[in-house]
Amino acid sequence: WHHVYVGHLGYAGEAGRRKEIKQNERGYIRMKLVDIKNGIGPEWAAKGYQMPKFDMEAVRAKTHDEPTWLHFGAGNIFRAFPAAILQQALDSGQYDRGVIVAEGFDFEIIDKAYEPYDNMSLLVCLQSDGSIQKKVIASVTEGLKADPQFSGDWARLVEIFCNPSLQMVSFTITEKGYGVAPADLEKGLSPALIMGKVTVLLYERFKAGKLPLTLQSMDNCSHNGDKVKSAVISYASKWAEQGLGPK
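Throughout what follows, the structure given in this document is the object of discussion. What you are looking at is a predicted structure, and each value in this text was computed from that prediction instead of being measured.

## Points about helix α3 (residues 56-65)
Since the α-helix packs 3.6 residues into each turn, any two residues three or four apart lie on the same face. Of all the positions in α3, only M56, V59, R60 and T63 are classed as buried. Looking straight down α3, one finds its buried side chains confined to an arc of 100°; they lie on one side.

## Some points on the side chain of E142
Structurally, the position occupied by E142 is in strand β9 (residues 140-145). Residue E142 is classed as buried on the basis of its relative accessible area, which comes to 14%. A distance of 2.7 Å separates the side chain of E142 from the side chain of R156, its partner in a polar contact.

## Observations concerning the sheet that holds strand β5 (residues 69-72)
Within the open sheet, the five strands sit side by side as β9-β6-β5-β10-β11. Their pairing is parallel. Unpaired on one side and paired on the other, β9 and β11 (214-217) mark the two borders of the sheet. Sheet twist, expressed as the average angle between the axes of neighbouring strands with direction ignored, equals 20°. Here three bridges tie β5 to strand β6 (residues 99-103), and the two strands are oriented parallel to one another. Across the sheet, the residue bridging to F72 is A102, located in β6. Taken strand by strand, α3 contacts β6 and β9, and its axis lies near 45° from that of β9.

## Comments concerning the environment of L211
Residue placement: L211 occurs in the loop between α9 (194-207) and β11. For L211, a relative accessible area of 23% gives the class partly exposed. Filtering out sequence-adjacent residues up to four positions away, L211 remains in contact with C162, N163, P164 and R205.

## Examining the environment of R97
Tracing the backbone through its elements, the reader meets R97 in the loop between α5 (82-91) and β6. By relative accessible area, R97 is classed as buried at 14%. Considered as a pair, R97 and Q87 are ten residues apart in the sequence and their alpha carbons are 9.7 Å apart. Not counting the four nearest positions on each side in its chain, R97 is found in contact with V59, K62, T63, E66, T68, L86 and L90.

## Describing the nonpolar core
It is characteristic of soluble globular proteins that their nonpolar side chains tend to be buried jointly. One finds F78, Y114 and V140 to be the most contacted residues of the largest nonpolar core, which totals 29 residues. Those elements giving two or more residues to this core turn out to be α2 (40-46), α3, α4 (76-80), α5, β6, α6 (108-114), β7 (121-126) and β8 (132-137). Not counting residues within four places of it along the chain, the set of residues in contact with V140 comprises R60, F78, A83, V99, V101, Y114 and N119. With 28 residues, the next largest nonpolar core counts L70, F171, L185 and W239 among its residues.

## Topic: the packing of α9 against helix α10 (residues 224-241)
The description of two packed helices rests on the angle between their axes and on the distance between the axes. The N-to-C vectors of α9 and α10 enclose an angle of 65°; their axes lie 9 Å apart at closest approach. It follows that α9 is roughly perpendicular to α10 by the angle criterion. Considering the relative orientation of α9 and α10, their crossing is right-handed. In contact with M195, G196, T199, V200 and L202 of α9, α10 contributes V228, A231, V232, Y235, A236 and W239. Here the contact of α9 with α10 is composed, by residue class, of nine nonpolar, two polar and no charged.

What counts, and where the lines are drawn
Residues numbered from 1 in each chain as written. Predicted model: local features only at pLDDT ≥ 70, side-chain atom pairs only at ≥ 80, totals over all residues. Heavy atoms only, no water. Buried < 20%, exposed > 50% of the residue type's maximum accessible area, 1.4 Å probe, protein only. Helix = DSSP H or I, 4+ residues; strand = E, 2+ residues; numbered from the N terminus. Arc of directions from axis to C-beta. Polar contact = N/O pair within 3.5 Å; in protein donor to acceptor, adjacent residues only side chain to side chain. Pairing = 2+ DSSP bridges. Axes fitted to C-alpha atoms, helices over the stretch in contact; angles between N-to-C directions. Contact = heavy atoms within 4.5 Å. Core = buried A, V, L, I, M, F, W, Y, C linked by side-chain atoms within 4.5 Å. Parallel < 35°, antiparallel > 145°, perpendicular 65-115°, else oblique. Left-handed = near helix turned anticlockwise from the far one by under 90°. Nonpolar A, V, L, I, M, F, W, Y, C, P; charged D, E, K, R; others polar.

Structure representation (C-alpha cells):
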C-alpha cells in the first residue's frame, strides 16, 4: 500500500522537502516545458525527482495533430493514475502520443493546475517501506475547458472530436457526472451538464463522417459503462424527437 499526493510543479509534495526545490527566499521553482529544455531537468533528477524520458515536444506535436485519447475530468485521480500509466508507456517507447484532458465543471483546475505548469504535475507516492517516490508527470499535452463560453477551447474540442485519429474518450467525472436532468434535455443543442456537452461533441463527430469511437468510464461505480450509454442516448433521443438530429 502507498499514499499518493498530486501537486503542482511549484511545490515538492511534503513540507519537509520543499527546501529541495527552493529557488530563493520568496518562492519556489515553477517548472515549465522551457525549463526542462534549458537544463533544469537534471537538477531535479539529482534531487530524486523522476523526469520524463521521452521527447516531450515531439509527443505534444504528434498528439495535437493526431490525437488518440481525450479524457474528461481533470482532477487528481486522472493525473495520479491514467496519466501516470500513460507516461510509463511513453517513457518505455511503447507509445508516441499523450492524452488531452478536458474539464467540464471546475474550470479553475485548468487555470490553476494545468496552464501555469504547461500541463505537467508532480506525483508523490509514500511507499509501504517509508520511502518517497517523486515523479514529474508530463503525458498530458493539452488542458481544455469543456464549455462553449470558452470559444477557443470549445473549437479545439470540436476539432479533436472530428479528427479520424481519435480512438477513445474516457471519464473520471464521479457517478453524479453521468446524471441527466429533464430541464437540461429541453435546452436542445446547448446543454449545461457535462454528458450533454459530450453528446454535442459526439454529434459533431457523427456529422464529420460517422467516425467510430470508444467511450470509456474510469469511475469506480457500478455499471459505469451503462451510465455513459444511458446519458448519451437520453440526449440524442430527445434531440431526434425535437427535430435537431437524425433518428
